[in-house]
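Spelled out, the chains give:
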Amino acid sequence: MKPILAFNWKMNPQTETEAAALARASDETGVIVFPPFPLIHVARENLIRAKLGAQDVSVSESGAHTGEVSSKMLESMGVSLVIIGHSERRKQGEEDGLIVQKALQVARHGISPLLCVGETAEERGSGREEEVVTRQLRAVIEALAHEGLANGLMVAYEPVWAIGTGENDTPEDANRVAEMILKIAEGYKLSPRVLYGGSVTSATASRYIGKHSVLGGLLVGGASLKLQEVRNIIVEFLL
Ligand code: PGA
């Protein structure tokens, strides 16, 4: 099975012109592009084979919520996945309760949540990564399963200390946590794709996905903004 490559642009690029070029370079079956909201239109116009994602969503349906974006809007834009629980949002104060509400909100609109889970450096230092990831995952999976909405769930294991730092988890540790995620999901009769994320580049990608790995793809941030990196990763894994 070919891997899924999820490209999280975060608050980049800064112009429509750059976004168009980046989207064109990323346009391949198996890719999901997550542009910032103002660039979703541009990405959509330039994606034929790749899927369109979004980086966040409101917990509300509609109404007086300045700065928020609803699931219905994303649905009408053709967005098929939304990143939920990214560590950069957890750092802004998003906790499990809110993350669960967001996951339910998108799933009710037929959009798949891409749930990010992962431990901080301190938590890893005290050997608590499995405990933290279990808590983050169970909260969401339980709520989705309760409403019969868990089928589209995708999970990204992203150790917080490896995001944007250039630090890499070992493939063994990444697989160990991914196996645990799959085991928990199995308890709900689910077998979600589990992606790995955290400073992945074209030079390190093959360590995580391949024959001996249970990981089904990668969530790429920084490297997904560089045309050459995007091309290298797509050529290696999708063509
Ligand atoms: P990074 O970001 O590849 O820049 O570490 C990954 C992510 O946060 O999704």
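Check the entry above for the structure.
Quick caveat, the model's predicted, so the values are computed rather than measured. (Residues numbered from 1 in each chain as written. Predicted model: local features only at pLDDT ≥ 70, side-chain atom pairs only at ≥ 80, totals over all residues. Heavy atoms only, no water.)

Asker: Outline the sheet that holds strand 1 (residues 4-8), listing residues and values.
Answerer: Here eight strands make up a closed barrel; going around it, the order is 1-2-3-4-5-6-7-8 and the pairing parallel. Across the sheet, the axes of successive neighbouring strands diverge by a mean angle of 25°, strand direction being ignored. One ladder, built from four bridges, connects strand 5 (residues 112-117) with strand 6 (residues 154-157); its direction is parallel. Its bridge partner being in strand 6, Leu-114 is matched across the sheet by Met-154. (Pairing = 2+ DSSP bridges. Helix = DSSP H or I, 4+ residues; strand = E, 2+ residues; numbered from the N terminus. Axes fitted to C-alpha atoms, helices over the stretch in contact; angles between N-to-C directions.)

Asker: Can you lay out the site of the ligand for me, pointing to particular residues and giving the numbers?
Answerer: Looking at the ligand, there are 14 residues lining it, with Lys-10, His-86, Glu-158, Gly-164 and Ser-199 nearest. In this structure, an oxygen atom belonging to the ligand sits 2.8 Å away from a side-chain N or O atom of Glu-158. In the complex, 96% of the free accessible area of the ligand, which totals 280 Å², lies under the protein chains. Here the residues of the shell around the ligand are counted per class, giving five nonpolar, seven polar and two charged. (Near = heavy atom within 4 Å. Polar contact = N/O pair within 3.5 Å; in protein donor to acceptor, adjacent residues only side chain to side chain. Areas by Shrake-Rupley, 256 points an atom, 1.4 Å probe, with all protein chains shown as cover. Nonpolar A, V, L, I, M, F, W, Y, C, P; charged D, E, K, R; others polar.)

Asker: Hey, could you go over helix 1 (residues 16-26) for me, with residue numbers and the actual values?
Answerer: Along helix 1, the residues classified as buried are Ala-19, Ala-20, Leu-22, Ala-23, Ala-25 and Ser-26. Its buried side turned inward, helix 1 meets strand 1, strand 2 (31-34), helix 2 (40-46) and helix 10 (227-237). (Buried < 20%, exposed > 50% of the residue type's maximum accessible area, 1.4 Å probe, protein only. Contact = heavy atoms within 4.5 Å.)

Asker: Kindly report on the packing of aromatic side chains, identifying the contributing residues and their values.
Answerer: Aromatic rings considered in pairs are described by the distance between their centres and by the relative angle of their planes. Using the criterion set out here, one finds two aromatic pairs in the structure. Ring centres of Tyr-196 and Tyr-208 lie 4.2 Å apart, and the angle between their planes is 20°; on these two criteria the pair is classed as stacked. Separated by twelve residues along the polypeptide, Tyr-196 in strand 7 (residues 194-197) and Tyr-208 in helix 9 (residues 205-208) bring together distant segments of the chain. No difference in accessibility class separates Tyr-196 from Tyr-208, as the two residues are buried. Taken together, Tyr-157, Tyr-196 and Tyr-208 form an aromatic cluster joined through their ring pairs. (Phe/Tyr/Trp six-rings, centres within 6.5 Å; stacked < 30°, edge-to-face > 60°.)

Asker: Go over the layout of surface pockets with me, naming the residues and quoting the values.
Answerer: Its boundaries defined by the atoms lining it, the largest pocket holds a volume of some 360 Å³. Lining the largest pocket are 13 residues, and of these Lys-10, Met-11, Pro-36, Gln-55 and Arg-89 lie nearest its centre. Residue classes in the lining of the largest pocket are distributed as six nonpolar, three polar and four charged. By volume, the second largest pocket amounts to about 250 Å³. Along the wall of the second largest pocket there are 18 residues; nearest its centre are Arg-90, Gly-118, Thr-120, Gln-136 and Val-160. (1 Å grid on protein atoms, 1.4 Å probe; cavity = no way out; pocket = protein on both sides within 12 Å on 5 of 7 lines; lining within 4 Å. Points joined across faces, edges and corners; volume = space filled by probe spheres on them.)

Asker: Give a detailed account of the nonpolar core, specifying residues and quantitative values.
Answerer: By size, the foremost hydrophobic cluster in this structure holds 69 residues, and its most contacted members are Leu-74, Val-79, Val-82, Ile-181, Tyr-196 and Leu-218. A total of seven residues in this core trace back to one element, the largest contributor, which is helix 8 (residues 171-186). Setting aside residues up to four positions removed in sequence, Val-79 forms contacts with Ile-40, Leu-52, Gly-53, Ala-54, Leu-74 and Ile-111. Counting residues in hydrophobic clusters, the runner-up holds twelve residues, among them Ala-6, Phe-34, Met-154 and Leu-219. (Core = buried A, V, L, I, M, F, W, Y, C linked by side-chain atoms within 4.5 Å.)

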